[in-house]
Structure formats: structure tokens, C-alpha cells
Amino acid sequence: MPPWLSTILPSLFVAVCTAVVTVRLSLHRFYTEWWWERKADAYSRIVEALHCAMEYWSEQSHESMTQQQIPEEREKRLSEDYDRASRELNKATGIGAFIISDEVADALAKLQNRRRLDPKDCPWFEICNDEFGAYKKTLAEVKKLARKELKGKDK
């Protein structure tokens, strides 16, 4: 074996090993960050949907208690936002723990499967307050769980 080959082979071996390890670490980081971004986006949509639902029920409760009619344009926007939020929450609940944690999926399922007040037995403002409270409780739980899951993974 020529003497120059014995100096090149170890350097070449180290270079190839370094390249393989660097590529593997880079791919791992890419996938980790990609999943983190997907989770952060899913949690953002869920939090926004819960907030929209809370806003809807808050306005309904206020209208019922004060007898002040919500302007038609605002009522239309609130209803559209609430419908969109309901679809988003249904989708998140249906997808379940594919992207979001099991705990958040359970909190959303509990929200959807909760016992609701019967309009025949309760005044409208009580129903509105109960709905608002259910969404508010779920929002607090989801925010706490999402913060815990996403903490420290944005680096």
C-alpha cells in the first residue's frame, strides 16, 4: 500500500462518518421541529375555537340578561365564528391523539359529551352561562396541557 494512502484513508473514513452523523442529526431535528410546528398549529386552532365559542355564549348570555339585542351584523359574525369553531373542535376531537396529546383529546371529548341543560327546564341565560363555563374550563385545561407539551421543544 502506498504511504500516501495510509494518511488519506483515515481522513476519508472520519469525513464520511462525520457526514453520515451530521445528516442523521439534521434530519432528526427537522422532523422534531416539523412535528412541534404541527402540534403548535393544532393547539392554536383549538384554543382559538374555544375562545370563539366562549365569545358566542358570552354575548348570548349578555343579550338574555340585559334584553339588549345584539346587532344583526354582529350576531351573524358570532354565529359564523361559532359554527366554524364547532367544526374545528369536532375535527380535533375526531382526529384525537394523532397530533394532540391524549389528555387534550380527552378534554375535548369530555366537552363534547358533557351533559347539557335542557331548554325546557332552564332559562336561556342559565344555558348560556353553563355553555360559557364549559368552554372556559376546557380552554384553561387545554392551554395548560398544550403549554406543558410544547415547552422547551421550540429550540
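The coordinates are above.
This report concerns the structure included in the present document. Predicted model only: the values in this text are computed from it and were never measured.

1. Section: the packing of aromatic side chains
Right, so step 1: The final tally for this structure, using the stated rule, is eight aromatic pairs.
Right, so step 2: Judged by centre distance (5.8 Å) and plane angle (75°), the ring pair of Trp-35 and Phe-98 falls under edge-to-face. One end of the pair, Trp-35, is in helix H1 (residues 3-66); the other, Phe-98, is in the loop between helix H2 (72-95) and helix H3 (102-112), and 63 residues separate them in sequence.
Right, so step 3: With a relative accessible area of 56%, Phe-98 lands in the exposed category.
Right, so step 4: With centroids separated by 5.1 Å and ring planes inclined at 85°, the aromatic side chains of Tyr-56 and Trp-57 adopt a geometry described as edge-to-face. Taken as a pair, Tyr-56 and Trp-57 share a single burial class, namely buried.

2. Examining the side chain of Glu-149
Right, so step 1: Within the secondary structure, Glu-149 is located in helix H4 (residues 124-150).
Right, so step 2: Given a relative accessible area of 15%, Glu-149 falls into the buried group.
Right, so step 3: Apart from residues no more than four positions distant in its own chain, Glu-149 is found in contact with Lys-39, Tyr-43, Ile-99, Ile-100 and Ser-101.

Cut-off values and rules
All residue numbers refer to position in the chain's written sequence, counted from 1. With pLDDT at 70 or above as the cut-off, local features in this predicted model cover only qualifying residues; side-chain atom pairs require 80 or more to be listed or tallied, and sums for whole chains, interfaces and linings still use all residues. Only hydrogens and water are set aside; all other atoms, that is, all heavy atoms of the structure, feed into the side-chain values. Here is the rule: rings of Phe, Tyr and Trp (six-membered ring for Trp) pair when centre to centre is within 6.5 Å. Planes less than 30 degrees apart are stacked, more than 60 are edge-to-face, and the remainder are tilted. The way it works is that DSSP assigns letters per residue, a run of H or I at least four long becomes a helix, a run of E at least two long becomes a strand, and they are numbered from the N terminus. In this scheme, a residue with accessible area under 20% of its type's maximum is buried, one over 50% is exposed, and one in between is partly exposed, where area comes from a 1.4 Å probe on protein chains only. Residue contacts follow a heavy-atom distance rule, with two residues in contact if any of their heavy atoms lie within 4.5 Å.

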